[in-house]
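# Overview (structure and organization)
The chain contents come next:
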Amino acid sequence: MRNTTEPAERTSVGDTKIYDYDPNLSNHPLPPHLHAVVPEQSSALGRVLVQFERLLNGIFCTLMIAACLGLASLMFVQIVLRYGFESPFTGIEEAAVLLGVWIYFLGMGYATRQREHIHGGIVSLVVHDPIKVSTIRFVGSVVCMIAACIFGYFACKYAFFVIGKGRMSINLQWPRGLWSGSMIIGFAMMVGYFLLEAINEYLDLSARIKHARNVKEAAE
């Protein structure tokens, strides 16, 4: 693996430019140090936290898969009841919405973990200094985390309001908190992974600045 403290070089493969300092514009895999979760940890506490995060990620992925399969099954059953027996059950639609919102908010957190969320890459086409690109990416992660905190605050405020009122769904008479709870989990995941992403990018930026300083001192 390339030493992340060394200045990145730009090469080309065919007609496609490779920006090693911005993996999102490259056909190379995303370097581990730029993932939201870095698997390589030097401290025992870091390794424990990574294992704990992997456990949580496994649980969330299992829930997403189960919700997707459940939603597909419900849709199939509803189609059979509606067009086969001409007797649709409206409770299935409520359950489908429940599974749908959980898939959405869990997927939102998972996309943040994998850094598959929507973000711009035009900066790397204009700025060619790896340190400046790393700085912009770090600031962007901090801004995204703050935005997620703000939106998450209002979403969680509404969710806790619904849970506190003890509201029930119309047909199934299930607690509405089952639907609203997905927002709490989703935004908590999003904020947590943006925080980890910002920390990793800060460490990468610090390493690049330190390397550039050492190179400058050696040249002098």
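In what follows, the structure referred to is the one given above.
Below, the structure is looked at part by part.

The rules we used
Residues numbered from 1 in each chain as written. Predicted model: local features only at pLDDT ≥ 70, side-chain atom pairs only at ≥ 80, totals over all residues. Heavy atoms only, no water. Helix = DSSP H or I, 4+ residues; strand = E, 2+ residues; numbered from the N terminus. Buried < 20%, exposed > 50% of the residue type's maximum accessible area, 1.4 Å probe, protein only. Contact = heavy atoms within 4.5 Å. Areas by Shrake-Rupley, 256 points an atom, 1.4 Å probe, with all protein chains shown as cover. Phe/Tyr/Trp six-rings, centres within 6.5 Å; stacked < 30°, edge-to-face > 60°. Lys NZ or Arg CZ within 6 Å of the ring centre and 35° of its normal. Expected span 1.5 Å × (residues − 1). Patch = residues over 30% accessible without salt bridge, like charges linked within 9 Å, V, L, I, M, F, W, Y side chains within 5 Å. Salt bridge = Lys/Arg side-chain N within 4 Å of Asp/Glu carboxyl O. Core = buried A, V, L, I, M, F, W, Y, C linked by side-chain atoms within 4.5 Å. Polar contact = N/O pair within 3.5 Å; in protein donor to acceptor, adjacent residues only side chain to side chain.

### Some remarks on the overall build of the chain
- Summing up its helical and strand segments, the chain has five helices and two strands in all.
- Listing the helices and strands of the chain from first to last along the sequence gives β-β-α-α-α-α-α.
- Here the chain holds 220 residues, and 32% of them are scored as buried.
- By sequence separation, contacts in the chain at least 24 residues apart represent 69% of the contacts at least 6 residues apart.
- As displayed, the chain has an accessible area near 13500 Å², and 68% of this comes from carbon and sulfur atoms.

### Focus: the packing of aromatic side chains
- Under the defined criterion, the tally for this structure stands at five aromatic pairs.
- Ring centres of W174 and W179 lie 6.5 Å apart, and the angle between their planes is 45 degrees; on these two criteria the pair is classed as tilted.
- Here the aromatic cluster, defined as three or more aromatic residues joined through ring pairs, consists of Y104, F105 and F187.
- Above the ring of W179, the side-chain terminus of R176 is found at 5.0 Å from the ring centroid.

### Points about helix α2 (residues 90–113)
- Between its terminal C-alpha atoms α2 stretches 35 Å, which fits the 34 Å expected from 24 residues at 1.5 Å a residue.
- Once α2 finishes, R115 follows within two positions and takes phi at roughly 55 degrees, a positive value.

### A word on a nonpolar patch on the surface
- Among the surface-exposed residues, F52, L55, L56, I59 and L63 lie close enough to one another that they form a single nonpolar patch of about 440 Å² accessible area.
- The residue L55 is located in helix α1 (residues 44–84) in this model.

### A short note on the nonpolar core
- Judged by nonpolar contacts, F105, M108, M145, A148, A155, A159, M183, F187, M190 and F194 together constitute the single largest core of ten residues.
- Among the elements of the structure, α2, α4 (130–165) and α5 (177–219) are those that each provide at least two residues to this core.
- Residue contacts for M183: discarding those within four places in its chain leaves F105, A155, Y158 and A159.
- Listed in part, the five residues of the second largest apolar core include F60, M64, M189 and Y193.

### Overview of the side chain of T112
- Within the element layout of this structure, T112 appears in helix α2.
- Accessibility expressed as a relative area gives 0% for T112, which makes it buried.
- In terms of polar contacts, T112 uses its side chain to reach the backbone carbonyl oxygen of M108, at 3.0 Å.

### Things to note about the environment of R176
- Among the structural elements, R176 can be located in the loop between α4 and α5.
- R176 sits in the partly exposed class, given a relative accessible area of 32%.
- On a C-alpha basis, the gap between R176 and G166 in space is 7.3 Å, while along the polypeptide they are ten residues apart.
- When near neighbours in sequence (up to four residues on either side) are disregarded, R176 contacts V162, R167, M168 and S169.

### Details of α4
- Between the first and last C-alpha of α4 there are 52 Å, a value that for 36 residues agrees with the 52 Å anticipated at 1.5 Å per step.
- Those residues of α4 that fall on the buried side of the exposure criterion are P130, V133, S134, R137, S141, M145, A148, G152, A155, C156, A159 and V162.
- After α4 finishes, the residue G166 shows a positive phi value of roughly 65 degrees.

### What to know about unusual backbone geometry
- Its identity is not glycine, yet Q173 carries a phi of approximately 60 degrees, on the positive side.
- Position of Q173 relative to the elements: it lies in the loop between α4 and α5.
- Owing to a relative accessible area of 45%, Q173 belongs among the partly exposed residues under this scheme.

### Let's talk about the environment of E201
- Along the chain, the position of E201 falls in helix α5.
- Residue E201 is classed as buried on the basis of its relative accessible area, which comes to 2%.
- Between the C-alpha atoms of E201 and S141, which are 60 residues apart in sequence, the distance is 8.4 Å.
- Of note is the side chain of E201, whose polar atom sits 3.4 Å from the backbone nitrogen of F138.

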